[in-house]
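Structural overview for review
Chain by chain, the residues run as shown.
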Amino acid sequence: MLRAGLGRRSRCCGGLWRSPCPEAAGGCARALSAASAFPSPGSGGGARSGGAPPAGASNVKPLDGVKILDLTRVLAGPFATMNLGDLGAEVIKVERPGAGDDTRAWGPPFVGTESVYFLSVNRNKKSIAINMKDSKGVKLIKELAAASDVFVENFVPGKLAEMGLGYEDIKKIAPHIVYCSITGYGQTGPVVQRGGYDSIAAAVSGLMHITGHEDGEPVRPGVAMTDLATGLYTYGAVMAGLLQRYKTGKGLHIDCNLLSTQVACLTHVAANYLNCKIEPKRWGTAHGSIVPYQAFKTKDGYIVVGAGNDHQFVTVCKILNLPEVSKDSRYKTNTLRVQNRKELIDILSTRFSEKATIEWLQLFEGSGVPYGPINNMQQVFSDPQDQGSDTVNLLCHIQNHLHLLDNTQWRY
């Protein structure tokens, strides 16, 4: 087991969304035809040749021909499979009849009858409704799995095995399958039966403990970073699993979970504790080991400036017209600046408050010092850099609604 205006592009995705079929007992009739339409698994590893695009085809994506059966709900799993779909994989999202994925109801806002939350992490997928409590539904899942390359699920450990859909069950009929389980706490341990939500994992992992204003209350990050990070780990693990299958000709079981992901993402904070027994504190927008590296209030907003080395600090002082500060023996090195943080930040904060944000941005332009404003969403999506890099996609919904989504942030 592995552990693991806007710049727009218009794209119409035929069959992008279908509402779950409330009348289905074992599943939608169209799902049965979809199963038979899959190419048969080829011998050996790698993506099956039956679904691969012809040699020399133009506009081939990295995962063209790869089939993914997606039994995930809410955020971490759907985010992972959406990214795989963006790379060309065919993703079939399995939902419960009637209500479907919980996030379909997470609104307002809605686009038509779909919640914007749901749409934000489920593009490039086909959706079917299957009642997995019915034997016909279990049979259908197995038929789909046998014709797929990847099986992704985020049920509580043991739940799918009770239905006959656990890894060992699927392995018998699809030995080539890359089977990925996403859970709150992994497959073993005293709390694996607990449900896993982002906020809970962020709390248990210590992320909330280190997030918030200095001496303030713990704060949840503005987006579900634990879920999203788990989705990215899952995406990477599935890609590695496909590569391993290509080398060995065998499938495998991948274990991803929210708690392990977030603990891994603590990086230097965890290392500081493990090696030096330093219990971290909350720093607001600042950094515990780099000064200055934080937001400063201006006349009309905020600017974030980071001096990652001594040369950059001298440059910051020149821009702020504070040459005497760069020569002060208390601030000569980053270590000294960390030790004398309060005095230095007070001096810099006073100077930053004297000009508007745009004035500071103009002064820092071309300096080599990392800097930027704190933007609201309107400012984010009207930024010339976003407009020039296809940050936003215009997609066609199957119900003839148009909606905008963040674009995948890689280019081939």
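Before any of the text, the structure's been laid out above.
All right, on to the packing of aromatic side chains then. Throughout the structure, instances matching the rule amount to 7 aromatic pairs. Each ring, one from Tyr-167 and one from Tyr-179, has its centre 5.5 Å from the other, and the planes form 70 degrees; the classification is edge-to-face. Taken as a pair, Tyr-167 in helix α6 (residues 167-173) and Tyr-179 in strand β9 (residues 178-183) lie far apart in primary sequence, 12 residues in all. When its relative accessible area of 15% is taken as the criterion, Tyr-167 is described as buried. When the ring of Phe-352 is compared with that of Phe-364, the centres are 6.2 Å apart and the planes differ by 10 degrees; the resulting orientation is stacked. Taken as a pair, Phe-352 in helix α14 (residues 341-352) and Phe-364 in helix α15 (residues 357-364) lie far apart in primary sequence, 12 residues in all. Just as Phe-352 is buried, Phe-364 falls in that class too. Through a chain of ring-to-ring contacts, three or more aromatic side chains come together here, namely Phe-296, Phe-352, Trp-360, Phe-364 and Tyr-371. In this structure, Lys-277 packs its charged tip against the face of Tyr-273, placed 5.5 Å from the ring centre. Positioned above the aromatic ring of Trp-283, the side-chain terminus of Arg-341 is 3.9 Å from the ring centre.

This next bit is on the sheet that holds strand β13 (residues 371-373). Strand order in the open sheet formed by 3 strands is β11-β12-β13, and the pairing between neighbours is antiparallel. Sheet topology places β11 (293-297) and β13 at the edges, where each strand pairs with a single neighbour. Across the sheet, the axes of successive neighbouring strands diverge by a mean angle of 20 degrees, strand direction being ignored. Judged from the 3 bridges that link them, strand β12 (residues 302-306) and β13 form a sheet pairing that is antiparallel. Residue Val-304 lies in a different strand from β13, and its bridge partner there is Gly-372. In this fold α14 packs onto β11 and β12, with an angle of close to 40 degrees to the strand it touches most, β11.

Turning next to helix α4 (residues 135-146). With 12 residues, α4 extends 17 Å between its outermost C-alpha atoms, agreeing within 8% with the 16 Å of an ideal straight helix rising 1.5 Å per residue. For α4, the N-terminal capping position is held by Asp-134, with its side-chain oxygen 2.7 Å away from the main-chain nitrogen of Lys-136.

Our focus in this paragraph is unusual backbone geometry. For residues besides glycine, phi is generally negative; the peptide bonds are generally trans as well. A cis amide bond links Gly-107 with the next residue in sequence, Pro-108, at an omega value of 5 degrees. Along the chain, Pro-108 turns up in the loop between β4 (90-95) and β5 (110-111). In this chain, Pro-108 is followed by Pro-109 through a cis amide linkage whose omega measures 5 degrees. With respect to the helices, strands and loops of the structure, Pro-109 is situated in the loop between β4 and β5. Of note in this structure, Asn-124 is not a glycine but carries a positive phi near 60 degrees. Along the chain, Asn-124 falls in the loop between α3 (116-120) and β7 (125-129). Assessed through its relative accessible area of 17%, Asn-124 is described here as buried.

A separate point is the environment of His-213. Its location among the elements puts His-213 in the loop between α7 (198-204) and α8 (225-248). For His-213 and Thr-285, which are 72 residues apart along the polypeptide, the C-alpha to C-alpha distance reads 7.6 Å.

To continue, consider the pattern of salt bridges. Using the criterion set out here, one finds 15 salt bridges in the structure. With a shortest N-O distance of 2.9 Å, Arg-104 and Glu-114 are connected by a salt bridge. Here Arg-104, found in the loop between β4 and β5, pairs with Glu-114, found in strand β6 (residues 114-115); they are 10 residues apart in sequence, far enough to count as distant. It is possible to trace a salt-bridge network through shared partners that takes in Lys-67, Glu-90 and Lys-126.

This brings us to the nonpolar core. Grouped burial of nonpolar side chains is what soluble globular proteins tend to show. Of all hydrophobic cores here, the largest spans 22 residues; its most connected members are Leu-63, Val-66, Ile-68, Val-150, Cys-180, Leu-242 and Ile-254. Listed by contribution, the elements that provide at least two residues to this core are α2 (76-86), β8 (150-153), β9, α8 and β10 (252-257). Per-element accounting of this core gives the leading share, 4 residues, to α8.

Moving on: the pairing of β10. The buried fraction of β10 is high, at 6 of 6 residues. Summarising the sheet, β9 and β10 pair through 6 bridges and their orientation is parallel. Bridge pairing in β10 places Ile-182 opposite Cys-256.

Structurally, Tyr-371 is set in strand β13. Its relative accessible area of 28% is what places Tyr-371 among the partly exposed residues. In sequence terms Tyr-371 and Gln-294 are 77 residues apart; their C-alpha atoms lie 9.6 Å from each other. Engagement of the side chain of Tyr-371 in a polar contact is seen with the side chain of Glu-365, the distance being 2.5 Å.

About the thresholds
Residues numbered from 1 in each chain as written. Predicted model: local features only at pLDDT ≥ 70, side-chain atom pairs only at ≥ 80, totals over all residues. Heavy atoms only, no water. Phe/Tyr/Trp six-rings, centres within 6.5 Å; stacked < 30°, edge-to-face > 60°. Helix = DSSP H or I, 4+ residues; strand = E, 2+ residues; numbered from the N terminus. Buried < 20%, exposed > 50% of the residue type's maximum accessible area, 1.4 Å probe, protein only. Lys NZ or Arg CZ within 6 Å of the ring centre and 35° of its normal. Pairing = 2+ DSSP bridges. Axes fitted to C-alpha atoms, helices over the stretch in contact; angles between N-to-C directions. Contact = heavy atoms within 4.5 Å. Expected span 1.5 Å × (residues − 1). Polar contact = N/O pair within 3.5 Å; in protein donor to acceptor, adjacent residues only side chain to side chain. Salt bridge = Lys/Arg side-chain N within 4 Å of Asp/Glu carboxyl O. Core = buried A, V, L, I, M, F, W, Y, C linked by side-chain atoms within 4.5 Å.

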